[in-house]
Amino acid sequence: MGSLLQRTRLAGGRAVILPLLLTALLSGCEAKSEEVSAPAPPPPEVDVAEIVAQPVVLSESFTGRVEAAETVELRARVSGYIQEVAFEEGELVAQGDLLFLIDQRPYQARVSAAQADLAQARSQQAQAGSEAERARVLLGRKAISQEVHDQRQAAMNNTRAMVDAAQAALDIAELDLEYTRITAPVSGRAGRAMVTRGNLANADQSLLTTLVSIDPVHVYFEADEQAAFASQALLVGDAPNSLSIELGGDPQRQYTGTLDFIDNHLNPNTGTLQFRAVLANPDGRIRPGEFARVDMPVARLEQALLVDRKAVLTNQDRRYVYVLDENNLAERRQVTTGRQVGQQTVITEGLNAGDRVIVNGVQKVFFPGMEVSPQSVATAPAADAQPSIAAREE
């Protein structure tokens, strides 16, 4: 009886479990069916630019220094004690402004003495002239001898020379007096006063201060022989040649200068040729001695392929871009890069005109052959529709 009851309970339990298992299996199948029927995500959107060939002027970057167009070392031209320093060190001065004043009293006295000597010489000249005229009249009357006449003529000529000598001495004395006022020969920025008030300045020896012009300034740089001669093929004609100049290693300090001088010989010690650019400096912020980096054109490409720098990816020592085929599938293309043109890179190998390159959104491409949704963007043209100037090759 007990055995029969146990078998009945086991059969009842199996009857309850079996429907539960069937329900679970059916639920799992429905979930899998829902997963299979879910739509695939759309292809990611990326910006695509079509490669266009355009003319580009390539440049090399050279280091240089800023120098003042005019630099003057002011020295005393007469000896004396400094009576006044009439400028503030480091300030801007105009041509003709008084900078130093040397004690004028000794030189004023010399002028007065020279004036007195000149007046005396002129008085003697007048007397000698009168005697010479009288001798001429008397000689005509045969009242004096020829010898006396000649002596008076010679005396007159001697006094005339004495007047000339006295006048020259006066001119020198007045010039020395003028030299006691030391003025700015050019407009510019004054340096430190090397001789201060009360100290002795020796003629042609004592350096009083330095003066540098500020507008414009010159940028001198040297190019190697190959680049120098390559650039001269492009820097021809009477039109001004503009150069891009960066000062102090600061990308925010970008200026445009004009090439105005090329040296007439190579430096035999360095094998370089010197160039000079003129740079406007109306506010005086550019100081002589600053470091400069100058981009100068050295070559021209008539058909250059340019691509946005962001489109070029790196895998160890190889560079590549993603190019779209006719089915909008991303193809990995290995490229060889050249120089930089602003935010673009010159592609020397690996691309052809008309190729569609992903320039934005490359991070959305997880593997070659992936489908994407392209959004066309314009290829940036060369600046001002003129041949671009590229920087040094990276």
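## So, the overall build of the chain
Scanning the chain from N- to C-terminus turns up four helices and 22 strands. Looking at the chain as a whole, 34% of its 394 residues qualify as buried. Expressed as a percentage of contacts within the chain between residues at least 6 apart in sequence, the contacts between residues at least 24 apart total 76%. For the chain, the accessible area works out to roughly 23800 Å², and carbon and sulfur atoms hold 50% of it.

## Notes on the side chain of Glu290
Mapped onto the elements of the fold, Glu290 is located in the loop between β14 (272-279) and β15 (291-308). A polar atom in the side chain of Glu290 sits 2.9 Å from the backbone nitrogen of Arg287. Beyond its immediate stretch of four places on either side in the chain, Glu290 contacts Gly64, Arg65, Val66, Leu247, Arg253 and Arg285.

## Brief notes about helix α3 (residues 146-179)
Helix length check: α3, at 34 residues, gives a terminal C-alpha distance of 50 Å against a target of 50 Å (1.5 Å per residue), a fit within 8%. Within α3, the full set of buried residues consists of His149, Met156, Thr159, Val163, Ala166, Leu170, Ala173, Leu177 and Tyr179. Where the residues of α3 are buried, they touch α2 (105-140) and β7 (181-183).

## Focus: the packing of aromatic side chains
In total, this model carries four aromatic pairs according to the counting rule given. For the pair Phe87 and Phe100, a centre-to-centre distance of 5.4 Å together with 70° between the ring planes defines the contact as edge-to-face. Taken as a pair, Phe87 in the loop between β4 (80-85) and β5 (92-93) and Phe100 in strand β6 (residues 98-102) lie far apart in primary sequence, 13 residues in all. Among the residues examined, Phe87 registers a relative accessible area of 7% and is labelled buried. Linked through ring pairs, Phe62, Phe221 and Phe275 together constitute an aromatic cluster. Between the NZ or CZ atom of Arg332 and the centre of the ring of Tyr320, over which it lies, the distance is 3.8 Å.

## Observations concerning the sheet that holds strand β8 (residues 188-190)
Sheet architecture is open: four strands sit in the order β3-β10-β8-β5, paired in antiparallel fashion. Each end of this open sheet is capped by a strand with a single partner; those strands are β3 (71-75) and β5. Pairing geometry for β5 and β8, over two bridges, is antiparallel. Each residue of the ladder has a partner; that of Val93, found in β8, is Gly188.

## Quick look at the pairing of strand β2 (residues 53-68)
Inspection of the sheet shows β2 paired to β15 by 12 bridges, in the antiparallel sense. Within β15, the residue paired with Leu58 across the bridge is Ala299.

## Overview of the environment of Gln232
For Gln232, the location among the structural elements is in helix α4 (residues 225-232). Between the C-alpha atoms of Gln232 and Ala299, which are 67 residues apart in sequence, the distance is 9.9 Å. Ignoring sequence-local partners within four residues, the contact set of Gln232 consists of Ile262 and Leu273.

## Things to note about the confidence of the model for the chain
Within the chain, residue pLDDT values average 83, and 85% of them lie at 70 or more. Of all secondary-structure elements in the chain, the lowest mean pLDDT belongs to strand β22 (residues 388-390), at 42, while β6 reaches the highest, 96. Across residues 29-35, confidence stays below pLDDT 50; counting only partners more than four residues off in sequence or on other chains, it has zero contacts.

## Description of the packing of α2 against α3
Helices that pack against each other are described as a pair by the angle of their axes relative to one another and the distance between those axes. Relative to each other, α2 and α3 sit at 165°, their axes nearing to 7 Å. The pairing of α2 with α3 is recorded here as roughly antiparallel in orientation. Two packed elements cross with a definite hand, and for α2 against α3 that hand is left-handed. The residue makeup of the contact of α2 with α3, split by class, is 18 nonpolar, 10 polar and nine charged.

## Overview of the environment of Leu247
Relative to the helices and strands, Leu247 resides in strand β12 (residues 241-247). Residue classification places Leu247 among the buried residues on the basis of a relative accessible area of 0%. A sequence separation of 184 residues divides Leu247 from Thr63, and the C-alpha atoms of the two residues are 9.9 Å apart. Apart from residues no more than four positions distant in its own chain, Leu247 is found in contact with Val66, Arg253, Tyr255, Leu279, Ile286, Glu290, Phe291 and Ala292.

## Quick word on the nonpolar core
Among the nonpolar cores identified, the biggest contains 30 residues, and Ile82, Leu99, Phe100, Leu208 and Leu211 are the most heavily contacted of them. Elements with a minimum of two residues in this core: β3, β6, α2, α3 and β10 (207-212). The element best represented in this core is α3, accounting for six residues. Residues contacting Leu208, with those up to four places away along its chain left out, are Leu74, Arg75, Ala76, Ile82, Phe100, Ile182, Arg192, Ala193, Met194, Val195 and Ala201. Listed in part, the 21 residues of the second largest apolar core include Val66, Phe275, Leu279 and Ala292.

Calculation notes
- Each chain has its residues counted from 1, running along the sequence as written.
- Two thresholds apply to this predicted model, a pLDDT of at least 70 for residue-level local features and 80 or more for giving and counting side-chain atom pairs, whereas whole-chain, interface and lining totals are computed over all residues.
- Computation of side-chain values covers all heavy atoms of the structure but excludes hydrogens and water.
- By definition, any uninterrupted DSSP run of H or I lasting at least four residues is a helix, any uninterrupted run of E lasting at least two residues is a strand, and each is numbered from the N terminus.
- Only protein chains enter the accessibility calculation, which uses a 1.4 Å probe. A residue is then buried if its area is under 20% of the maximum for its type, exposed if over 50%, and partly exposed in between.
- Contact between two residues is taken to exist if any of their heavy atoms lie within 4.5 Å; hydrogens are not considered.
- Accessibility throughout is a Shrake-Rupley quantity obtained with a 1.4 Å probe, and a residue counts as covered only by protein chains that appear here.
- Under the rule applied, a polar contact is a pair of N or O atoms within 3.5 Å (in protein, one hydrogen donor and one hydrogen acceptor; residues adjacent in sequence only if both atoms are side-chain atoms).
- Take the number of residues in a helix, subtract one, and multiply by 1.5 Å to get its expected span.
- The pairing test for Phe, Tyr and Trp rings, Trp by its six-membered ring, is centres within 6.5 Å, and the orientation test on the planes gives stacked under 30 degrees, edge-to-face over 60, and tilted for anything in between.
- The rule for a charge over a ring is simple: NZ of Lys or CZ of Arg within 6 Å of the ring centre, and within 35 degrees of the ring normal.
- Strand pairing is defined by DSSP finding a minimum of two bridges between the two strands.
- For every residue, the pLDDT score states the predictor's confidence, bounded by 0 at the bottom and 100 at the top.
- The axes used here are C-alpha line fits, helices contributing only the stretch in contact, and every angle between their N-to-C directions lies in the interval 0 to 180 degrees.
- Throughout, the term roughly parallel applies to angles under 35 degrees, roughly antiparallel to angles over 145, roughly perpendicular to angles from 65 to 115, and oblique to all others.
- Crossing handedness follows the turn of the near helix against the far one: under a right angle anticlockwise gives a left-handed crossing, and clockwise gives a right-handed one.
- Think of it as three bins: nonpolar holds Ala, Val, Leu, Ile, Met, Phe, Trp, Tyr, Cys and Pro, charged holds Asp, Glu, Lys and Arg, and polar takes everything else, Gly as well.
- The criterion is simple. A nonpolar core is a set of buried Ala, Val, Leu, Ile, Met, Phe, Trp, Tyr and Cys residues joined through side-chain atoms within 4.5 Å.

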